[in-house]
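# Residue-level structural notes
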Amino acid sequence: MNRFVISGLSAAAALVAIATAAPSADAQQFFNGRQGDVVFVAPNGDILDYVPSGAAYARDRRGNRVLVDPYGNVIATEMRARGYYPRPPVRDAYNNDVYSGDDPYGDARYSERGAVTGSIPRNAPIDRQPLDDQPYPQSDDYASIEPDQQTPDVMQPKPSQEPVITLKNKSKSEIVALQVFLDRAGVSPGAIDGHMGANVTKAIYAYQQMTGETLDPNNTDAILEQLRMSGGLPLVGYTITPADAAGPYVAEIPEDYAHKAALSSLGYTSTTEMLAERFHMDEGFLKEINPGVDFTVPGTIIKVVNPGEVKAGSVARIIADKGRKQVFAYDNAGNLIAAYPASIGSTDTPSPTGTVTVERVAFNPGYTYNPKINFQQGANDRILNIPPGPNGPVGTVWMALSKPTYGIHGTPEPSKIGRTQSHGCIRLTNWDATELAKMVKPGVTVEFVD
């Protein structure tokens, strides 16, 4: 039986179980704000979508069920859902993810900083150590990459042959649950933000291709049950550590290449940027679900996405679908084992056609600016070795392809993946690129399809 048709645990029952369980001392519990016909409403009128750590249940003078903090202050009051549960907006006001006849797979109105085509010398080693343990590469490991042009053209993707997916009265927390489920399954929805955008739609169809099962995104019952069996709640509590708060962080990422080259690294600019990437989140969404939080204070408990385990396996073949703006990874038996939203080429700097191969992999690569190869950048007239880091032009990883100057790599702006064009290469979020890189080796084929 299709496990998404009937579930033994209803969404309402699952959420009631979450809300009535004894809160953990070190975690804030996920709560979608709807328990059958009731919700918990905070004093400011917001619907509570989690049970804060240390909260307890009590009754007020009118007999209403309330949540109180350890000091007896009322956090939220139980009320009937009618009149309090919000309808989803017609348009996604958070990131303008809307469907249109011209671009059924996403919105190409964004521009993204950073260079996107390049190469690493053929003698660059393949290093598969964990990213955090990687030393900076030596000078001969630096990528030579063409910078962005000033006015990129918008690529017109292939029209979708798949029906648009519509969610029915789903809250942001329910959409987060869907995104986390897809992420754990190995079909990345990109940066998790609680919005039903094109990247989520692509991931749903990729899941169906991977498993042969029809996934109903409106069946929150089954999604919550599967989450329960595959790692737990989609949102959990996380305590900011002294190391998280300390960094080191870069004050800002300059535009001028000479200024970039003067930095010791192109690292994260803030605790929120670092934590958002660690937990596969949009940085704005991380701040949104933790209002008023000072992320620089060690010991602070925050809500984060629980993405689950990193996908593992051996990739034998990659398909880069330019129209869908999506990358598909297959094993030797032809089984789809992972899929990722991607930015792939544009009309002014198109991606290659046909089939190429992965030649080498470098984690935490640097960037070499060469005015004889690259476009003229500012007044810079000499070769500049720009240090590596997640905010570098190719992010945290570079997979060089057999066609010179092209590769698969990360990005300093993960929330724009799939919603913008690249300048020839295949651009993924840093976490997706790193995951894929650990599953490939030289000789893996990469096929570009329209």
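Residue positions are given per chain, counting from 1 as you read along its sequence in written order. Only residues with pLDDT of at least 70 are given local features in this predicted model, and only at 80 or more are side-chain atom pairs given and counted; all residues enter the totals for whole chains, interfaces and linings. In computing side-chain properties, one takes all heavy atoms of the structure into account and sets aside hydrogens as well as water.

In the annotation of an unreviewed UniProt entry, the entry for the protein chain reads Lipoprotein-anchoring transpeptidase ErfK/SrfK, and the organism field reads Rhizobium tibeticum. Database annotation for the protein chain, UniProt heading Sequence similarities (unreviewed entry): "Belongs to the YkuD family." Regarding the protein chain, the UniProt comment filed under Pathway (unreviewed entry) reads as follows: "Cell wall biogenesis; peptidoglycan biosynthesis." UniProt positions are given in the numbering used here, feature names are shortened, and annotations may be inferred rather than shown by experiment.

## Section: the overall build of the protein chain
When you go through the protein chain residue by residue, the secondary structure sums to nine helices and 21 strands. To sort residues, take the accessible area from a 1.4 Å probe on protein chains only and compare it with the maximum for the residue type: under 20% means buried, over 50% means exposed, and anything in between is partly exposed. Within the protein chain, buried positions represent 55% of all 450 residues. When checking whether two residues touch, look at their non-hydrogen atoms; a contact exists if any pair is within 4.5 Å. Excluding contacts between residues fewer than 6 apart, the proportion of contacts in the protein chain whose partners are at least 24 apart in sequence is 69%. Total accessible area computed for the protein chain in this model is approximately 19,300 Å², and 51% of it derives from carbon and sulfur atoms. In this text, helices come from DSSP runs of H or I with a minimum length of four residues, and strands from runs of E with a minimum of two, each type numbered from the N-terminal end. Only the protein chains shown count as covering a residue, and every accessible area follows the Shrake-Rupley method with a 1.4 Å probe.

## Structural notes on the nonpolar core
In terms of nonpolar packing, the biggest core is built from 43 residues, with L182, L275 and M281 touching the most fellow members. The dominant element in this core, judged by the number of residues it contributes, is helix α2 (residues 172-185), at eight residues. Summarising the domain contributions, this core has at least three residues from each of domain 2 (172-305) and domain 3 (317-448). With sequence-adjacent residues up to four places away left out, L275 is seen in contact with Y238, I240, D244, L286, F295 and I302. Here, the term nonpolar core denotes a set of buried Ala, Val, Leu, Ile, Met, Phe, Trp, Tyr and Cys residues that are joined through side-chain atoms within 4.5 Å. Domain start and stop positions are those given by an automatic or database domain assignment.

## A short note on the pattern of salt bridges
A pair is scored as a salt bridge if a Lys or Arg side-chain nitrogen falls within 4 Å of a carboxyl oxygen belonging to Asp or Glu. Inspection of the entire model under this criterion finds nine salt bridges. Between E225 and R228 there is a salt bridge whose closest N-O contact spans 2.7 Å. Taken together, the residues E225 and R228, both in helix α4 (residues 220-229) and three residues apart, mark about one turn of the helix. For E225, a relative accessible area of 14% translates into the label buried. In this structure, the salt-bridge partner of K322 is D450, at a minimum N-O distance of 3.7 Å. Of the two residues, K322 sits in the loop between β11 (317-321) and β12 (326-330) while D450 sits in the segment after β21 (445-449), which places them 128 residues apart along the sequence. Classification of D450 as exposed rests on a relative accessible area of 60%.

## Notes on the packing of aromatic side chains
Whether two aromatic rings pair depends on their centres lying within 6.5 Å, for rings of Phe, Tyr and Trp, where Trp uses its six-membered ring; planes under 30 degrees apart make the pair stacked, over 60 edge-to-face, and the rest tilted. Per the counting criterion, the structure on display carries two aromatic pairs. Two thresholds decide whether a charge sits over a ring: the Lys NZ or Arg CZ must be within 6 Å of the ring centre and within 35 degrees of the ring normal. Of note, R317 hangs over the ring of Y330, and the distance from its end group to the ring centre comes to 5.5 Å.

## As for α4
In terms of burial, α4 is largely enclosed, as seven of its 10 residues are buried. Along α4, the positions that sit buried rather than exposed are T220, A222, I223, L224, E225, Q226 and L227. Directly after α4, the chain includes G231, whose backbone phi takes a positive value near 130 degrees.

## Some remarks on the UniProt feature "active site" (unreviewed entry) in the protein chain
Within the UniProt annotation, "active site" (unreviewed entry) is assigned to H409 and C425. The annotated residues occupy 17 residues of the chain but converge on a single region, no pair of C-alpha atoms lying more than 7.7 Å apart. For H409, the position within the fold is in strand β19 (residues 407-409). For H409, a relative accessible area of 0% puts it in the buried group. Tracing the chain through its elements places C425 in the loop between β19 and β20 (426-427).

## Side note on the packing of α2 against α4
At a closest axis distance of 10 Å, the pairing of α2 and α4 adopts a crossing angle of 50 degrees. When the axes of α2 and α4 are compared, the pair comes out oblique. In the crossing of α2 with α4, the sense of the turn from one axis to the other is left-handed. Of the residues in α4, those touching α2 at E174, A177, L178, V180, F181 and R184 are T220, I223, L224, Q226 and L227. Tallied by class, the residues present in the contact of α2 with α4 amount to seven nonpolar, two polar and two charged. Simply put, an axis is a line fit to the C-alpha atoms, just over the touching stretch for a helix, and the angle between two N-to-C directions goes from 0 to 180 degrees. Reported orientations rely on four angle classes, namely roughly parallel under 35 degrees, roughly antiparallel over 145, roughly perpendicular from 65 to 115, and oblique for the rest. The handedness criterion is simple: a crossing whose near helix is rotated anticlockwise from the far helix by less than a right angle is left-handed, and one whose near helix is rotated clockwise is right-handed. Asp, Glu, Lys and Arg are counted as charged, while Ala, Val, Leu, Ile, Met, Phe, Trp, Tyr, Cys and Pro are counted as nonpolar; the rest, among them Gly, fall into the polar class.

## Section: the pairing of strand β18 (residues 397-401)
Judged by how many residues are buried, β18 sits mostly within the fold: five of five residues are covered. Burial of β18 is two-sided: the residues V397, M399 and L401 facing one way and the residues W398 and A400 facing the other way are all buried. Two strands pair under a simple rule: DSSP has to find at least two bridges between them. Alignment of strand β15 (residues 354-363) against β18, held across five bridges, turns out to be antiparallel. Note that in β18 the partner of A362 across the bridge is W398. Relative to β19, β18 is paired through three bridges, and the arrangement is antiparallel. Following the sheet pairing, A400 is matched in β19 by G407. Connecting the antiparallel pair β18 and β19 is a turn made up of five residues, with T405 showing a positive phi of about 75 degrees.

## Digging into the sheet that holds β21
Taken in spatial order, the nine strands of this open sheet run β13-β12-β11-β21-β15-β18-β19-β20-β14, and their pairing is mixed. The outermost strands of the open sheet, each flanked by one partner alone, are β13 (336-341) and β14 (343-344). As paired strands, β11 and β12 are joined by five bridges and run antiparallel to one another. Bridging across to β12, R317 finds its partner in Y330.

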